[in-house]
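The primary structure of each chain is shown beneath.
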Amino acid sequence: MFDLDRWREIFQSINKNRLRSVMSGFTVAFAILLFTLLFGIVSGLSNSFKGAFADDAQNSMRVRVWKTSKPFKGLQTGRRIQLRNDDYNYVADEYANKIQYQSARIYKNFTIKYKNEASTYNVRAVNPDHQFLEKTIIDEGRFLNERDLREKSKSIVIGRLVKEDLFGERPALGKRVNVNGSSYLVIGIFSDEGGDNEERMAYIPVTTAQMMYGNNDYISQIVLGYNPNLSLDRAIAFGNQMERDLRKKLNIHPDDQSALSVRNMAEANKGVGQFMGILYAIVILIGSGTLVAGIIGISNIMIFVIKERTKEFGIRKALGAVPSSIVGMVVQESVLITTIAGYLGLSLGTYILTLIGDSLEEDYFIKDPSVSPGIVIGATIVLILSGLIAGYVPAKRAANIKPIEALRAD
Amino acid sequence: MIKIEQLHKSYPIGKDSLHVLKGIDLHIKEGEFVSIMGSSGSGKSTLLNIVGLLDVHDEGNYYLNGQLIKDMNEKKAAQLRNKFLGFVFQSFNLISYKTALENVALPLYYKGINRKERLKIALDYLDQVELKDWANHLPNELSGGQKQRVAIARALVTKPKVVLADEPTGALDSTTTDSVMDLLKDINDKGMTVFVITHEEEVAAQTKRIVRLKDGVIISDELTKAAKAV
Ligand SMILES: Nc1ncnc2c1ncn2[C@@H]1O[C@H](COP(=O)(O)OP(=O)(O)O)[C@@H](O)[C@H]1O
Ligand SMILES: [Mg+2]
């Protein structure tokens, strides 16, 4: 296939007929540019959606309670619902095989003090699994473990910004801090991708909190990670089932959203998935339309080009060119032009996307738009194919013209 | 070299057809220098194109170098043209974006000769038509006579058995006409068969045999003084 002389002929023909070559390349470059931009922008949208939920685990679920909004079995509206350890254990037992992680949560607001520095922070009393549910990243030390819970130890894991506030550059790990009047040991320092609020916070064992602050078995929320082997639909069904069961257990009207609700990421994921699916479908539709228009464009130009070259082909034939050499030459030229032009379009598109970067994130919800290598490879194949088609059909026709007719052309 | 028996050719024109060659018999032996004369539209070019395998005949037999030309596909025809025939056209038919040297080298490309060799041979032939200094000029930088000499060099470069020239001097003034005819005579002197179309008596007189065509038939076929002088 590699024939240096053939390539030399082609480069000469392209080089000596630059306007023509640029014109045929332009349509393809433009089509690919559009395609790249479209695809990049949609991938940017997709990134934003994914980013919006990046804070928590993708499979998280939360059981929240508040006041009843409907009377039930003689109980009044406005009754305050309280989750307890018993409910936590019920969920753990009842759905053991559908749950990957589980943690209770109690929200507190405490002043934390170290030497002369003091400030008020959100403190969450949780179980060890909470680390995975909230995607807490441990920078130093460790997170809470089962032993901390059993022993109701006064251990605390502080956020990166809490450490900065209280300790500055000094080490914090192993130091004691004063939390609401009691002394706690700093066993870990964490960061979180959810932003500053998530890092200006601290975690203590849920058992410690229950003993120290009220001596009860209350919990504010149950946080779960459903088993990732569940399909989205099964995970949604699981959430609904748990919601019904807990309402029944706590004597809540089966439809009382206000009293108890399960917030399920599976539902959000499904919605986003569907939305993105539709968006990608639209892009593929528009994109292929553009590509097809590009191919038709280059075919038309190739037809024109070949008409213009008919006489040249006639001369070549008179001098001994066989038809296949004419077809081969034209097709190879067409593939070369489409590929080069396509890559220019692709590179320009990718470059524009990098320029855009995250600048549209605020206003247009487009984050880090880019095209994947798969798309690039796919586009390359399409380009070569389109070059083949665009060149082959008219070249074949030109090669079949009788040499005498070709020579007569002008 | 060229043997034609009862050759017929018609062109379809709408529903009718125009009968151009009406039974031509012609035998040209190797080394002859033949001119065809006749008024415009008498079928000269048609005959030459058939002889040159650029067009096909309807009826009759045509033997080129002893081989019967019949139902020939375009690939085979192209190979025969490349091997046996050299063409010189009235309108030169040089490729405009190629230099004189590249134009001359092109038939060798289709013969499969490597580039270095091609350019060497081509330069040699340009030298023979006294255009070595113009090797790297494009056709539009050359005069009519120079262009035709490039075309002749191109026709000769593959050492064909037959050179076919359709009014090679038709677009030239009288001095350049003479130089082109001198070249064709040289070629013929080296043993090549030369077959020219012309409607100029002075040109025809420089060949060795004149065939006159009228309304699709040969009306006379005789040797010239030039032939008798040899
Ligand atoms: N491709 C063609 N289609 C139809 N008629 C043609 C074609 N080529 C030539 N003719 C006609 O055939 C006749 C002979 O043409 P040609 O061989 O070119 O004559 P000459 O070269 O002697 O002037 C002319 O009447 C011309 O109009
Ligand atoms: Mg003519």
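This text goes with the structure placed above it.
Residues numbered from 1 in each chain as written. Chains lettered and ligands numbered in written order. Predicted model: local features only at pLDDT ≥ 70, side-chain atom pairs only at ≥ 80, totals over all residues. Heavy atoms only, no water.

A. The overall build of chain A, seen in detail. Across its full length, chain A holds 15 helices and 12 strands. Across the 410 residues in chain A, those meeting the buried criterion constitute 50%. Across chain A, every contact between residues at least 6 apart in sequence was considered, and the portion connecting residues at least 24 apart equals 76%. As displayed, chain A offers around 19900 Å² of accessible surface, 57% of which is attributable to carbon and sulfur atoms. (Helix = DSSP H or I, 4+ residues; strand = E, 2+ residues; numbered from the N terminus. Buried < 20%, exposed > 50% of the residue type's maximum accessible area, 1.4 Å probe, protein only. Contact = heavy atoms within 4.5 Å. Areas by Shrake-Rupley, 256 points an atom, 1.4 Å probe, with all protein chains shown as cover.)

B. Broad picture of the overall build of chain B. When helices and strands are tallied, chain B shows 8 helices and 10 strands. Relative to its 230 residues, chain B shows a buried fraction of 53%. Sequence separation of at least 24 residues holds for 69% of the intrachain contacts in chain B that already meet a minimum separation of 6.

C. How the structure looks around the packing of aromatic side chains. All names here are of chain A. According to the stated counting rule, one finds 11 aromatic pairs over all chains in the structure shown. Each ring, one from Tyr101 and one from Phe132, has its centre 4.9 Å from the other, and the planes form 20°; the classification is stacked. Of this pair, Tyr101 sits in strand β3 (residues 99–114) while Phe132 is found in helix α4 (residues 130–133), placing the two residues 31 residues apart along the sequence. Owing to a relative accessible area of 39%, Phe132 belongs among the partly exposed residues under this scheme. Ring centres of Phe110 and Tyr213 lie 4.6 Å apart, and the angle between their planes is 50°; this geometry places the pair in the tilted category. In this pair, Phe110 sits in strand β3 while Tyr213 sits in the loop between α8 (206–212) and β10 (218–219), placing the two residues 103 residues apart along the sequence. Residue class for Tyr213 comes out buried when judged on its relative accessible area of 16%. (Phe/Tyr/Trp six-rings, centres within 6.5 Å; stacked < 30°, edge-to-face > 60°.)

D. Molecular detail of the interface of chain B and chain A. Contacts between the two partners involve 26 residues from chain B and, on the opposite side, 25 residues from chain A. Taken together, both faces of the contact between chain B and chain A bury some 2400 Å²; the carbon and sulfur share is 57%. When the buried surface of chain B facing chain A is broken down by residue, Tyr97(B), Tyr109(B) and Tyr110(B) rank first, second and third, together holding 30% of it. Here Glu9(A) ties to Lys98(B) by a salt bridge, and the two come within 2.8 Å at their closest N and O atoms. Secondary structure elements with two or more residues in the side of chain B that touches chain A: α2 (74–84), α3 (100–111) and α4 (115–128) of chain B. (Buried area = accessible area lost by both parts, 1.4 Å probe. Salt bridge = Lys/Arg side-chain N within 4 Å of Asp/Glu carboxyl O.)

E. Here's a closer look at the nonpolar core. Counting residues in hydrophobic clusters, the biggest one holds 67 residues, and the most contacted among them are Ile2(B), Ile4(B), Leu47(B), Tyr62(B) and Phe195(B). Counting residues per element, this core draws most heavily on helix α12 (residues 323–356) of chain A, at 10 residues. The contact partners of Tyr62(B), leaving out residues within four places of it in the chain, are Ile2(B), Lys3(B), Ile4(B), Ile50(B), Val51(B), Leu53(B), His57(B), Gln67(B), Leu68(B) and Ile69(B). Counting 50 residues, the second largest nonpolar core, distinct from the first, contains Val186(A), Ile236(A), Phe238(A) and Leu246(A). (Core = buried A, V, L, I, M, F, W, Y, C linked by side-chain atoms within 4.5 Å.)

F. Structural detail: the site of ligand 1. Taken together, the residues surrounding ligand 1 are Arg408(A), Tyr11(B), Leu18(B), Val20(B), Ser39(B), Ser40(B), Gly41(B), Ser42(B), Gly43(B), Lys44(B), Ser45(B) and Thr46(B). Lying at an intersection of chains, ligand 1 is approached by residues of chains A and B. Here an oxygen atom of ligand 1 sits 3.1 Å away from a polar atom, N or O, in the main chain of Gly43(B). Interatomic distance of 2.7 Å between a side-chain N/O atom of Ser45(B) and an oxygen atom of ligand 1. When ligand 1 sits alone it has 560 Å² of accessible area, and the protein chains cover 66% of it. With 3 residues, helix α1 (residues 44–51) of chain B is the single largest residue contributor to the shell around ligand 1. Across the shell around ligand 1, the residue classes tally to 3 nonpolar, 7 polar and 2 charged. (Near = heavy atom within 4 Å. Polar contact = N/O pair within 3.5 Å; in protein donor to acceptor, adjacent residues only side chain to side chain. Nonpolar A, V, L, I, M, F, W, Y, C, P; charged D, E, K, R; others polar.)

G. How the structure looks around the sheet that holds strand β8 (residues 193–197) of chain B. Residue and element names in this part refer to chain B. Taken in spatial order, the 6 strands make up an open sheet running β6-β7-β8-β3-β9-β10, and their pairing is mixed. With partners counted over all chains shown, the strands left at the sheet margins are β6 (85–88) and β10 (217–223), one partner each. Neighbour-to-neighbour, the strand axes of this sheet turn through a mean angle of 15°, independent of strand direction. In the sheet, strand β3 (residues 33–37) pairs with β8 via 4 bridges, with the strands oriented parallel. Counted as the bridge partner of Ser35 is Val196 from β8. (Pairing = 2+ DSSP bridges. Axes fitted to C-alpha atoms, helices over the stretch in contact; angles between N-to-C directions.)

H. Examining helix α1 (residues 4–16) of chain A more closely. Taking 1.5 Å of rise per residue, the 13 residues of α1(A) would be expected to cover 18 Å, and the 18 Å separating its terminal C-alpha atoms lies within 8% of that figure. Residues Asp5(A), Arg6(A), Glu9(A), Ile10(A), Gln12(A), Ser13(A) and Ile14(A) constitute the buried set of α1(A). (Expected span 1.5 Å × (residues − 1).)

I. Highlighting the side chain of Ser153(A). All names here are of chain A. As for its placement among the helices and strands, Ser153 is situated in the loop between α5 (146–150) and β6 (155–159). Engagement of the side chain of Ser153 in a polar contact is seen with the side chain of Ser155, the distance being 2.9 Å. If near-sequence neighbours (up to four positions away) are discounted, Ser153 is found in contact with Asp148, Pro205 and Thr208.

J. A nonpolar patch on the surface, seen in detail. Together, Ile377(A), Ile381(A), Ile384(A), Leu385(A), Leu388(A), Ile389(A), Tyr392(A) and Val393(A) line one region of the surface with nonpolar side chains, adding up to about 720 Å² of accessible area. You can see Tyr392(A) is positioned in helix α14 (residues 373–400). (Patch = residues over 30% accessible without salt bridge, like charges linked within 9 Å, V, L, I, M, F, W, Y side chains within 5 Å.)

K. The arrangement of a positive patch on the surface in detail. On the surface, Lys76(B), Lys83(B), Lys111(B), Lys159(B) and Lys161(B) cluster together into a positively charged patch. For Lys159(B), the position within the fold is in the loop between α5 (144–156) and β7 (162–166). (Lys, Arg positive; Asp, Glu negative; His and termini not counted. Charge placed at Lys NZ, Arg CZ, Asp CG, Glu CD.)

L. Seen up close, α12(A). With 34 residues, α12(A) extends 49 Å from end C-alpha to end C-alpha; this agrees with the ideal 50 Å at 1.5 Å per step. Where α12(A) ends, the next residue or the one after it, Gly357(A), has phi of about 45°, a positive value.

M. Structural context of the pattern of salt bridges. Under the defined criterion, the tally for this structure stands at 26 salt bridges over all chains. One salt bridge connects Arg142(A) with Asp148(A), and the closest N-O pair in it is separated by 2.9 Å. Using a relative accessible area of 33% as the deciding quantity, one classes Arg142(A) as partly exposed. Assessed through its relative accessible area of 5%, Asp148(A) is described here as buried. With its nearest N and O atoms 3.1 Å apart, the salt bridge here joins Arg147(A) to Glu151(A). Since its relative accessible area comes to 51%, Arg147(A) is described here as exposed. By relative accessible area, which is 48% here, Glu151(A) ends up partly exposed. Through salt bridges with shared partners, a single network forms among Glu9(A), Arg309(A), Glu312(A), Arg316(A), Glu333(A) and Lys98(B).

N. Fine view of a negative patch on the surface. Residue and element names in this part refer to chain B. Negative charge collects at one region of the surface, where Asp124, Asp127, Glu130 and Asp133 lie side by side. Structurally, Asp124 is set in helix α4. Of the residues examined, Asp124 reaches a relative accessible area of 44% and is grouped as partly exposed.

O. Seen up close, the pairing of strand β4 (residues 59–64) of chain B. Residue and element names in this part refer to chain B. In this sheet, β4 lies alongside strand β1 (residues 2–13) in antiparallel orientation, the contact comprising 5 bridges. Bridge pairing in β4 links Ile2 to Leu64. Here 2 bridges tie β4 to strand β5 (residues 67–68), and the two strands are oriented antiparallel to one another. Following the sheet pairing, Leu64 is matched in β5 by Gln67.

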